[in-house]
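Observations on chain architecture
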Amino acid sequence: MSYLTARMVEQIQKHVLLSPKVKKALELVDRADFVPDNWKQNAYSLDALPMSNSQWISSPLTVAIMTEALLNEGGENVLELGCGSGYQAMVLSHLFHRVFTIERIEKLLIEAKRRFHRLNAHNIFTKLADGQEGWTEFAPFDAIIFSACAKSIPSNLIQQLKPNGVLLAPMVVKESTQAICRFIKIGEQLSKPVVVTECSFVNVYDGIVRGANLSHIF
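Residues numbered from 1 in each chain as written. Predicted model: local features only at pLDDT ≥ 70, side-chain atom pairs only at ≥ 80, totals over all residues. Heavy atoms only, no water.

1. Some details on the side chain of N77
Applied cut-off: Strands are runs of DSSP state E lasting at least 2 residues, helices are runs of H or I lasting at least 4, and numbering of each runs from the N terminus. Under this definition, polar contacts are N or O atom pairs within 3.5 Å; protein pairs additionally need one hydrogen-donor-capable and one acceptor-capable atom, and for neighbouring residues in sequence, both atoms have to be side-chain atoms.
Within the secondary structure, N77 sits in strand β3 (residues 77-81). A distance of 2.7 Å separates the side chain of N77 from the side chain of R98, its partner in a polar contact.

2. A closer look at the pairing of strand β4 (residues 98-103)
Counted only if it meets this: For the exposure calls, accessible area comes from a 1.4 Å probe over protein chains only, and a residue counts as buried if that area is under 20% of its type's maximum, exposed if over 50%, partly exposed in between. Note on pairing: two strands pair once DSSP finds at least 2 bridges between them. When the strands point away from the viewer and the path from the first strand over the helix to the second turns clockwise, the crossover is right-handed.
For β4, the tally of buried residues reaches five of six residues, placing the bulk of the element in the interior. By the bridge criterion, five bridges tie β3 to β4 in an arrangement that is parallel. Among the inter-strand pairings, L81 is bridged to a residue of β4, identified as I102. As a crossover connection, the stretch from β3 through helix α4 (residues 87-92) into β4 is right-handed. Strand direction decides the pairing type here: β4 and strand β5 (residues 124-128), joined by five bridges, are parallel. Looking across to β5, one finds that V99 is bridged to I124. After leaving β4, the chain enters helix α5 (residues 106-118) and then returns to the sheet as β5, a path that is right-handed.

3. Some points on the state of the cysteines
Stated precisely, the cut-off is as follows: The disulfide definition used here is simple: a pair of cysteine sulfur atoms within 2.5 Å.
As enumerated under the stated definition, the model contains zero disulfides in all. With no disulfide of its own, C83 lies closest to C199 among cysteine sulfurs, the gap being 19 Å. With no disulfide of its own, C181 lies closest to C199 among cysteine sulfurs, the gap being 7.7 Å.

Okay, here's the thing in structure tokens:
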């Protein structure tokens, strides 16, 4: 753990109570490994930072809050929809046995896979796909997390979640206000959402984007 990462986690703790295991997971991941070179000087701030293709690496405070809200005792497999830089997946890799992360933008996924390989993250599995379809081959999952704002939760994702599993998703709760919503699967349905905190995420989009110079579609 670097001194700068330790300081960043201390700053996070001024805003949210961290369980020991989430605190340790955050300390084990150097955010600078996931930030574009021209933003390295801001890697340990609590701000969201821009990446390519009009995407963002989430604030470490948001990652901490979502990770705390996602955890469920006895979790083995977690599915992430929206790999982005890979930072959230890397934090989760220290808390779950296996992390399955889907990204729809090929360029971002290639960059994230390179980071995982360089950091020897052998329990993270990636896929280029529309995350709304889930990953049926490895379902059911103990937990599912959206890293983009969803209009609704697709029924096939509910089917891929284990009973009593947790689903966490940023959603529009009123007008243009977004909030992180936490669901529990009860029977074959999701519980009513519990609002964790307000947030600001890019929207979920359909389909996949191949190639590097395709930011005009956003």
